Amino acid sequence: MKSFKLLFTICFIFILNVEAKKIPGIIITETDTFEVVLKVPIDFFSGKPNYPKVQNKLSYITPRGMLTDVYPENLKEVQFTYLHKTYRFISCLKGDFSDSPIGKNKNIFVRLICDGELKLFNYYATNLGVGYDAMPTLQYYKKDVLQKGDSRYTISSLNFEITMSKFLSNCPELLKKIQRKVLKSRNIITIVNEYNKNCGS
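So, a few notes on the structure that sits alongside this text. Keep in mind the model is a prediction, meaning the values are calculated, not measured.

About the thresholds
Residues numbered from 1 in each chain as written. Predicted model: local features only at pLDDT ≥ 70, side-chain atom pairs only at ≥ 80, totals over all residues. Heavy atoms only, no water. Disulfide = S-S within 2.5 Å. Helix = DSSP H or I, 4+ residues; strand = E, 2+ residues; numbered from the N terminus. Buried < 20%, exposed > 50% of the residue type's maximum accessible area, 1.4 Å probe, protein only. Axes fitted to C-alpha atoms, helices over the stretch in contact; angles between N-to-C directions. Parallel < 35°, antiparallel > 145°, perpendicular 65-115°, else oblique. Contact = heavy atoms within 4.5 Å. Nonpolar A, V, L, I, M, F, W, Y, C, P; charged D, E, K, R; others polar. Pairing = 2+ DSSP bridges. 1 Å grid on protein atoms, 1.4 Å probe; cavity = no way out; pocket = protein on both sides within 12 Å on 5 of 7 lines; lining within 4 Å. Points joined across faces, edges and corners; volume = space filled by probe spheres on them. Left-handed = near helix turned anticlockwise from the far one by under 90°.

Let us look at the state of the cysteines. Structurally, a disulfide amounts to a covalent bond that connects the sulfur atoms of two cysteines. Taken as a whole and judged by the stated rule, the model has one disulfide. In this model Cys 171 forms its disulfide with Cys 199; the gap between the sulfur atoms is 1.9 Å. On the sign convention where negative means left-handed, the S-S torsion of about 60° between Cys 171 and Cys 199 marks this disulfide as right-handed. With a gap of 28 residues between them, Cys 171 in the loop between helix 3 (160–167) and helix 4 (172–179) and Cys 199 in the segment after helix 5 (188–198) connect regions that are remote in the sequence. Just as Cys 171 is buried, Cys 199 falls in that class too.

Quick look at the packing of helix 3 against helix 4 now. Here helix 3 crosses helix 4 at 175°, and the two axes come no closer than 10 Å. Judged by the angle between their axes, helix 3 and helix 4 are roughly antiparallel. Across the interface between the two elements, Phe 160, Glu 161, Met 164 and Ser 165 from helix 3 touch Leu 175, Ile 178 and Gln 179 from helix 4. The class makeup of the residues in the contact of helix 3 with helix 4 is four nonpolar, two polar and one charged.

A separate point is the pairing of strand 3 (residues 58–61). Taken together, the three bridges between strand 2 (residues 33–41) and strand 3 define a ladder with antiparallel strand orientation. Looking at strand 3, one finds that Lys 39 is bridged to Ser 59. In this sheet, strand 4 (residues 67–70) lies alongside strand 3 in antiparallel orientation, the contact comprising four bridges. Within strand 4, the position partnered with Tyr 60 by the bridge is Thr 68.

Right, let's get into the side chain of Ser 59. Within the fold, Ser 59 resides in strand 3. Excluding its chain neighbours within four sequence positions, the residues that come into contact with Ser 59 are Val 37, Leu 38, Lys 39, Leu 67, Thr 68 and Asp 69.

What follows is about the layout of surface pockets. Counted as a void, the largest pocket has a volume near 440 Å³. Taken together, 19 residues line the largest pocket, and the ones lying closest to its centre are Pro 41, Asn 50, Pro 52, Lys 53 and Lys 57. Elements supplying a minimum of two residues to the lining of the largest pocket: strand 2, helix 2 (51–54) and strand 3. Examining the composition of the lining of the largest pocket, we find that three residues originate from one element, helix 2, more than from any other. Here the second largest pocket defines a volume of roughly 280 Å³.

On to the packing of helix 4 against helix 5. Direction vectors running N to C along helix 4 and helix 5 enclose 160°, while the axes themselves pass 10 Å from each other. With respect to each other, helix 4 and helix 5 are oriented roughly antiparallel. Seen from above, helix 4 lies across helix 5 with right-handed handedness. Only Ile 191, Glu 194 and Tyr 195 of helix 5 make contact with helix 4, whose side of the interface consists of Leu 174, Lys 177 and Ile 178. Class assignment of the residues belonging to the contact of helix 4 with helix 5 gives a composition of four nonpolar, no polar and two charged.

Here you go:
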């Protein structure tokens with residue numbers, strides 16, 4: 001009886017955790033832009049879009065009411081607004097990112113956090129861990145990535161100042177704040193916004 005209750009609880013939590021909501025959005029291909037109704041998986045616990053699921057595929061409802069899946073390989077970008085917050089997911093080659101998510105997709109959707117000459121993305125990498133009853137399970141962890149031109153840097157607190165000195169060499173005042181530890185890796189959104197405001201072309 002106890003095992004049945006445990007199984008029921010796990011299944012109930014799983015069902016809640018993968019709830020999808022109908023959200024108006026935009027999908028952008030190489031040649032066209034379409035307004036659609038997306039079905040976005042929402043994490044029950046955080047109340048936010050479930051990034052690990054979104055980055056591999058999204059679904060939308062056609063004008064005839066049919067549910068259609070779209071994959072990163074087929075799109076340039078997906079946009080939608082949820083709870084007054086705009087989300088932009090850009091299609092990128094999976095091989096361009098270290099520790100990229102497990103899956104058969106050639107591309108993934110990475111979330112664009114800050115746009116400009118200096119861009120900030122994040123995505124969820126995966127590895128195999130050990131879960132309940134020592135069974136293998138996928139574990140997700142977030143990675144933040146800076147992009148300037150064709151150069152990308154996965155943000156880490158290790159060697160952060162040294163890497164930023166090379167990456168943001170044309171922005172000396174901002175670098176001083178980083179070197180004096182006024183701004184650290186956890187302040188990356190502030191760093192990117194300040195760079196684009198004061199040092200971007």
